[in-house]
2 protein chains.
Amino acid sequence: MSLPRLSLAQLERHLPILQWAKTYDRDTLTSDAVAAVIVTIMLIPQSLAYALLAGLPAEMGLYASILPLVAYAIFGTSRALAVGPVAVVSLMTAAAVGNLALQGTAEYAAAAIALAFISGLILTVMGLFRLGFLANFLSHPVIAGFITASGILIATSQLKHIFGIDAHGHSLTALLQSLYAHLPETNVITLVIGVVTTGFLFWVRKGLKPLLLGTGMNSRLADILAKAGPVGAVAATTLVVWLFGLQNHGVRIVGEVPTGLPPLSLPSFSADIWSSLFVSALLISIIGFVESVSVAQTLAAKKRQRIVPDQELVGLGTSNIAAAISGGYPVTGGFARSVVNFDAGAETPAAGAFTAIGIALAALLLTPLLFFLPKATLAATIIVAVLSLVDFSILKKTWGYSKVDFSAVAATVLLTLGFGVEVGVSAGVILSIGLFLYKTSRPHVAEVGLVPGTQHFRNILRHKVKTHHELVTLRIDESLYFANARFLEDYINDRVACDEPIKHVVLMCSAVNEIDMSALESLEEINHRLKDMGISLHMSEVKGPVMDRLKRSHFLDDMTGQVFLSQYDAWAALARGKASGLAAQ
Amino acid sequence: MSLPRLSLAQLERHLPILQWAKTYDRDTLTSDAVAAVIVTIMLIPQSLAYALLAGLPAEMGLYASILPLVAYAIFGTSRALAVGPVAVVSLMTAAAVGNLALQGTAEYAAAAIALAFISGLILTVMGLFRLGFLANFLSHPVIAGFITASGILIATSQLKHIFGIDAHGHSLTALLQSLYAHLPETNVITLVIGVVTTGFLFWVRKGLKPLLLGTGMNSRLADILAKAGPVGAVAATTLVVWLFGLQNHGVRIVGEVPTGLPPLSLPSFSADIWSSLFVSALLISIIGFVESVSVAQTLAAKKRQRIVPDQELVGLGTSNIAAAISGGYPVTGGFARSVVNFDAGAETPAAGAFTAIGIALAALLLTPLLFFLPKATLAATIIVAVLSLVDFSILKKTWGYSKVDFSAVAATVLLTLGFGVEVGVSAGVILSIGLFLYKTSRPHVAEVGLVPGTQHFRNILRHKVKTHHELVTLRIDESLYFANARFLEDYINDRVACDEPIKHVVLMCSAVNEIDMSALESLEEINHRLKDMGISLHMSEVKGPVMDRLKRSHFLDDMTGQVFLSQYDAWAALARGKASGLAAQ
């Protein structure tokens, strides 16, 4: 009976939990649970901090770290991905929702919830329709530039909490101007807390683990303690504020965080909100997916496992829908947290579900303790986290390798800093696609000759090759399609408009992977014009799929010359041993 | 002294009139004047009719046929292009301006003038920055589909004048619904005039010339008389309306057309109008340019002349600016009129300037005679003119040749008919670019082997070739760039994940015209993974420009294998005579 087995396989493809749950045992449970404890310790301050970055109440960060993790455990294919609020998506949420409502209002929170829901739908639909390939149109350099620029924007946006002042803006210049204008209002106590915490966290990141190892502590424990740095900073600064009543001296605190599990509810279905948020949700979905899938792929490769990108879309999509119905905001797989999860030994997505239990316990038990937590501490954890994302080396690498890639990165960085995340990443994508199209619209064409002693043909300008005065062989280094059809016509017109007694033009098609209708019409035109001039048009090395299609048109019947299997065959037939000497280097 | 000569050459490049005016003589003058007379006879009814189609007063059609022609004569490079109002651009003007104001109001006319000005600026700037290549992104099939669908829309939109009723809409369904709703209000006298005129014009087009030739009339005169058909229809129907006072029986007439030359004035510079019209102006500019440049190129080729596309942009741009400052509306080179101009013997752009004089005389002298001209006659001339544009053969041609091209055409036709010209043409462009990108993101990869007795390598699935069990040679039929970088990684992973004792993977790069930064990172990753599996990575037939760039990166140093000049060299070095038998066909 093959039908039931097929449907089980299909079911397993759509519900990856069915695959790994079958072999789940006590050992795996232990590994997952240990990883979950470490990730929970890391996630509590991060979820609060990223909610702050998104301009949302602290509890929404916690809510976004419970149900979404459970949903990903059921639908996701990565064994180590840690889903939840992340820095870049939080910043993009603030940018998107900030256009619709004022921070701190109920409308703002409702819009963030709706954003998560729309983004979840987009991701799920993309997954079901297998549109994961769309993410490939974000080039590596554009992503690198975008992450770097976002890191700078995020760090700058948190300076206001370190100084204890107000500042707003979605671009670097707006943020800096606003910070500068409010600088006189700096609260010195806040500044001391912020600077000391930031310094402490940097030191924990770099210096604590070696120090602990130096005392003879075992490596695992030293690692956990180093990861607990932010939790320590949260506890210490909360205690200091409470002991000295610093909230009465202008230190801004988190304040009341509701105790309990997230309330389940449906997001807004207002057409206005949906249409205003759609483009933002699309950008957040794609950026979130790309960030998530690249870390998932890297981690999977280390254990020779595979992830299924289209199913990942469903996993992240259902996570965002889960976030929306439980009062959270857009989530994705975080880079740093996933690496920690992997290093801590997570073996299945169950580790994420256990993390969710940890955060749920925190929401039930720890929220009263967060009342006196200074916002400056959260800002410090964000700054330390995102500055590790800032890496300008991509500018140097692309400058050396390809000016086209460089200009796409540079535009992405500058426009993200100058006009915010949405403009930046859109411009990066559009520019890289535009530059690719521009290049293909003006293809490289090489005139080739025979490399002596071989049957191989190369560019007459780069190699010492044999040519024949009656034969012009052009190797077109691009597929022929509408954008370059006219270019080819002009190129061949110019080439044959000389005094040489040309009798044959051979188009060597080894690099032509496609001839579309527009290019076919251009070839017909070229054939026609050459015929008027008494020149035959031939083709060589036409690939199977291209030839299949040409055979369905009338072009081959009308062509004055022939199609040769190889360029050497064309040479043998047309140059008939009368080859002239070597062309100049 | 080379400097003054250089500037003269440059001046001539920007002012093509300087080139042909030097050799202008009496013979050329006679030819141009004759052509101008014929084009003028054709243009008077057309300019009135297209103004009606654009929803503008009749005189604006005349105004758009005076100064713009002079501007083109100075700045244009085509010897035969007849610039002025054309059907498709008139329809696009109505669609663009109809969003801003009601037909018949002063705001409507002002918006049409502003549209001409913005379009003129866009074209001129594109010309100065040599952006003419952008027009190549409109594929031939998309243009053909768009013109056909526009022809149907235009003919349908004119039915209301034939029936003497009101009807509105920018899509076919809206137009038909509106026509159907108003059908009971049909004015029978108008319908008779409209149907008889349409029939007469179709007959003139097909039957008059053979009839005249049958009477022994010389071919030239028969041709002119056939071209004068619309003028005859205008005269006859005007006379009938005047004689029988049909305007009092519900026949709608053109009415008062101001006498005199167009008033010179500046267009509106309102930021609101400009921002609402910008996208429409861009579409009109590109469509107008593509239509114009393709007819100009066809006609130039017949006389072995050349046009300069970037200078054509300037010619059309200044024509539109001239239209805007003289009370006209967007113009471009018309297909039918240019062919007539060419056939009538026009030798230089001066023919256009003479046509302008003819139209100016008409504006000065003939306008009182147009008072009783029925709108149904103008509608009939439009219908007969545009139905010759309708040609569905492109659907059949593309269906047979390429489903990708077919879907772009089909979408263009359906969306133009269903949602109007702007949506239709935008969708056509976006879809053809999108489909091209999609194809390049999933390249064809062929595993190749040696064709016996040659040094040529072909697909093992299509040809009988020699292979070697330790060697896998993959010919990647596409440039490697961000959109397919991940695809290649996955493809190679899948290919080597088998039980064969593979020792070498050769990437045959004859079709790889570009390796961008994203693809380079993927190659590094592939090299790294293959190394872990004990497999060397090699490349062959890497082209000059690609190799130049690879040498600037570290990839070649880290690569486990070598780069071979030809695939045969790679075979000779790696298969070492141990080739196995022929692979299956």
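Residues numbered from 1 in each chain as written. Chains lettered and ligands numbered in written order. Predicted model: local features only at pLDDT ≥ 70, side-chain atom pairs only at ≥ 80, totals over all residues. Heavy atoms only, no water.

Chemist: I'd like a rundown of the overall build of chain A, residues and numbers included.
Modeler: When helices and strands are tallied, chain A shows 25 helices and 8 strands. Along the three orthogonal principal directions, the C-alpha set of chain A runs to about 100 × 70 × 60 Å. When burial is assessed residue by residue, chain A has 56% of its 585 residues classed as buried. Considering only contacts in chain A between residues 6 or more positions apart, those separated by 24 or more positions represent 80%. For chain A, the distance from the average site of its 40 positive side-chain charges to the average site of its 39 negative ones is 8 Å. (Helix = DSSP H or I, 4+ residues; strand = E, 2+ residues; numbered from the N terminus. Buried < 20%, exposed > 50% of the residue type's maximum accessible area, 1.4 Å probe, protein only. Contact = heavy atoms within 4.5 Å. Lys, Arg positive; Asp, Glu negative; His and termini not counted. Charge placed at Lys NZ, Arg CZ, Asp CG, Glu CD.)

Chemist: Now, about the interface of chain A and chain B: what can you tell me, with residues and values included?
Modeler: With 69 residues of chain A in contact, the opposing surface of chain B contributes 71 residues. Between chain A and chain B lies a buried interface of about 6,300 Å² when both sides are counted; carbon and sulfur atoms form 55% of it. A per-residue breakdown of the area chain A buries against chain B is headed by Tyr401(A), Phe482(A) and Met517(A), which together make up 14% of the total. Linking chain A to chain B there are 8 salt bridges. Among the ionic pairs, Asp548(B) bridges to Arg462(A), the shortest N-O distance being 2.8 Å. For the interface between chain A and chain B, the tally reads 31 residue pairs in polar contact (both at pLDDT 80 or more). Every element with two or more residues in the side of chain A that touches chain B is listed here: helix H8 (140-163), helix H13 (271-302), helix H18 (393-401), helix H20 (421-441), helix H21 (482-496), helix H22 (517-532) and helix H23 (544-550) of chain A. Examining the composition of the side of chain A that touches chain B, we find that 8 residues originate from one element, H20(A), more than from any other. Of the residues assigned to the side of chain A that touches chain B, the class counts are 22 nonpolar, 23 polar and 24 charged. (Buried area = accessible area lost by both parts, 1.4 Å probe. Salt bridge = Lys/Arg side-chain N within 4 Å of Asp/Glu carboxyl O. Polar contact = N/O pair within 3.5 Å; in protein donor to acceptor, adjacent residues only side chain to side chain. Nonpolar A, V, L, I, M, F, W, Y, C, P; charged D, E, K, R; others polar.)

Chemist: Kindly report on empty space enclosed by the protein, identifying the contributing residues and their values.
Modeler: On inspection of all chains with the given rule, the structure shows 14 cavities of 30 Å³ or more. What the largest cavity holds in volume is close to 360 Å³. Lining of the largest cavity is provided by 26 residues; of these, Met508(A), Glu541(A), His456(B), Met508(B) and Glu541(B) occupy positions nearest its centre. Every element with two or more residues in the lining of the largest cavity is listed here: strand S4 (457-459) and helix H25 (567-575) of chain A together with strand S4 (457-459) and helix H25 (567-575) of chain B. Looking at side-chain class alone, the lining of the largest cavity contains 7 nonpolar, 11 polar and 8 charged residues. Roughly 110 Å³ of volume is contained in the second largest cavity. (1 Å grid on protein atoms, 1.4 Å probe; cavity = no way out; pocket = protein on both sides within 12 Å on 5 of 7 lines; lining within 4 Å. Points joined across faces, edges and corners; volume = space filled by probe spheres on them.)

Chemist: Give a detailed account of the packing of helix H5 (residues 67-75) of chain B against helix H16 (residues 350-365) of chain B, specifying residues and quantitative values.
Modeler: Residue and element names in this part refer to chain B. Packing of H5 against H16 leaves a shortest axis separation of 8 Å and a crossing angle of 165 degrees. As judged from the angle between their axes, H5 and H16 are roughly antiparallel. Between H5 and H16 the crossing geometry is left-handed. Along its contact with H5, which presents Leu-69, Val-70 and Ala-73, the element H16 presents Gly-352, Ala-353, Thr-355 and Ala-356. (Axes fitted to C-alpha atoms, helices over the stretch in contact; angles between N-to-C directions. Parallel < 35°, antiparallel > 145°, perpendicular 65-115°, else oblique. Left-handed = near helix turned anticlockwise from the far one by under 90°.)

Chemist: Tell me about the sheet that holds strand S5 (residues 471-476) of chain A, residues and numbers included.
Modeler: Residues and elements named next belong to chain A. Within the open sheet, the 6 strands sit side by side as S4-S3-S5-S6-S7-S8. Their pairing is mixed. Of all strands in the sheet, those bounded by a partner on one side alone are S4 and strand S8 (563-564). Against the sheet, H22 touches strand S6 (504-508) and strand S7 (536-540), its axis set at about 140 degrees to S7. (Pairing = 2+ DSSP bridges.)

Chemist: Before we move on, can you summarise the domain arrangement of chain A with the specific residues and values?
Modeler: The assigned domain composition of chain A is domain 1 (25-158 + 165-252 + 265-406), domain 2 (407-441) and domain 3 (445-575). Centre-to-centre separation of domain 2 of chain A and domain 3 of chain A, based on C-alpha positions: 35 Å. (Domains from an automatic or database assignment.)

Chemist: Outline the environment of Val429(A), listing residues and values.
Modeler: Residue and element names in this part refer to chain A. Checked against the element boundaries, Val-429 lands in helix H20. In this structure Val-429 comes out as partly exposed when scored by relative accessible area, which is 23%. In this structure the C-alpha to C-alpha distance between Val-429 and Ile-143, which are 286 residues apart in sequence, comes to 9.2 Å.

Chemist: An account of the pattern of salt bridges is requested, with residue identities and associated values reported.
Modeler: Pairs can form between side chains of opposite charge whenever their charged atoms are close. Evaluation of the coordinates by the stated rule reveals 22 salt bridges over all chains. In this structure, the salt-bridge partner of Arg475(A) is Asp477(A), at a minimum N-O distance of 2.8 Å. For Arg475(A), a relative accessible area of 6% translates into the label buried. A salt bridge links Arg549(B) to Glu514(B), with the nearest nitrogen and oxygen atoms 3.1 Å apart. Remark: Glu514(B) occurs in the loop between strand S6 (504-508) and helix H22 (517-532) and Arg549(B) occurs in helix H23 (residues 544-550); sequence separation between them is 35 residues. What makes Glu514(B) buried here is its relative accessible area of 12%.

Chemist: With reference to specific residues and values, describe the confidence of the model for chain A.
Modeler: The predicted coordinates ought not to be read in detail in places where the model reports low pLDDT. All names here are of chain A. Across chain A, the average pLDDT comes to 89, with 97% of residues at 70 or higher. Across residues 579-585, confidence stays below pLDDT 50; counting only partners more than four residues off in sequence or on other chains, it has 26 contacts. Predicted as a complex, the structure gets a pTM of 0.84 and an ipTM equal to 0.82. (pLDDT = per-residue confidence, 0-100.)

Chemist: Now, about the sheet that holds strand S7 (residues 536-540) of chain B: what can you tell me, with residues and values included?
Modeler: Residue and element names in this part refer to chain B. Ordered by their spatial adjacency, 6 strands build an open sheet running S4-S3-S5-S6-S7-S8, and the pairing between neighbours is mixed. Each end of this open sheet is capped by a strand with a single partner; those strands are S4 and strand S8 (563-564). Relative to S8, S7 runs parallel, the two being bridged by 2 bridges. Of the residues in S8, the one forming a bridge with Ser-540 is Phe-564. Those strands touched by helix H21 (residues 482-496) are strand S3 (445-450), strand S5 (471-476) and S6, and its axis lies near 155 degrees from that of S5. H25 contacts S3, S4, S5, S6, S7 and S8 of the sheet and is inclined by roughly 175 degrees relative to S6.

Chemist: Can you tell me about the side chain of Thr398(A), naming the residues and giving the values?
Modeler: One can find Thr398(A) in helix H18. Other than its neighbours up to four places away in sequence, Thr398(A) contacts Pro141(A), Lys403(A), Asp405(A), Phe406(A), Val409(A) and Met517(B).

Chemist: Hey, could you go over the nonpolar core for me, with residue numbers and the actual values?
Modeler: Counting 104 residues, the largest nonpolar core has Leu48(B), Leu56(B), Met92(B) and Tyr329(B) as its most contacted members. The element contributing the most residues to this core is helix H7 (residues 106-128) of chain B, with 13 residues. Beyond its immediate stretch of four places on either side in the chain, Leu56(B) contacts Ala51(B), Tyr108(B), Ala109(B), Ala112(B) and Tyr329(B). Ile44(A), Phe289(A), Leu313(A) and Leu370(A) belong to the second-largest nonpolar core, a separate cluster that totals 98 residues. (Core = buried A, V, L, I, M, F, W, Y, C linked by side-chain atoms within 4.5 Å.)

Chemist: Describe in detail helix H14 (residues 309-325) of chain B, supporting the description with residues and values.
Modeler: Here H14(B) is 17 residues long and its end C-alpha atoms lie 24 Å apart, about the 24 Å a rise of 1.5 Å per residue gives. Positive phi shows up at Gly327(B), right after H14(B), with a value of about 70 degrees. (Expected span 1.5 Å × (residues − 1).)

Chemist: Before we move on, can you summarise the packing of aromatic side chains with the specific residues and values?
Modeler: What the rule picks out here adds up to 26 aromatic pairs over all chains. Ring centres 4.9 Å apart and planes at 65 degrees place the aromatic pair Tyr438(A) and Phe133(B) in the edge-to-face group. Pair noted here: Tyr438(A) is in helix H20 and Phe133(B) is in the loop between H7 and helix H8 (140-163), and the two residues belong to different chains. With a centroid separation of 5.6 Å and an interplanar angle of 85 degrees, the aromatic rings of Phe117(B) and Phe269(B) are classed as edge-to-face. Of this pair, Phe117(B) sits in helix H7 while Phe269(B) is found in the loop between helix H12 (229-244) and helix H13 (271-302), placing the two residues 152 residues apart along the sequence. (Phe/Tyr/Trp six-rings, centres within 6.5 Å; stacked < 30°, edge-to-face > 60°.)

Chemist: Would you mind going over the relation of the copies chain A and chain B in detail, with residue names and values included?
Modeler: Mapping between the two copies of the chain is achieved by a rotation about an axis and a shift along the axis. Taken as rigid bodies, chain A and chain B are interconverted by a rotation of 180 degrees and an axial shift of 0.0 Å, the fit giving an RMSD of 0.1 Å. Put plainly, the chains are arranged around a two-fold axis. Relative to the rotation axis, the C-alpha of Ala511(A) is the closest in chain A, positioned 1.9 Å from it. When the interface residues of chain A are mapped onto chain B, 100% of them again fall at the interface, so both copies present the same face. (Least-squares fit on C-alpha atoms with pLDDT ≥ 70 in both.)

Chemist: I'd love a proper account of the pairing of S3(B), names of residues and values included.
Modeler: All names here are of chain B. In terms of burial, S3 is largely enclosed, as 5 of its 6 residues are buried. Direction of pairing for S3 relative to S4: antiparallel, over a ladder of 3 bridges. Across the sheet, residue Gly-449 finds its bridge partner in S4, namely Arg-458. Counting the residues between successive antiparallel strands, the hairpin from S3 to S4 contains 6 residues, one of them, Gly-453, with a positive phi of roughly 80 degrees.

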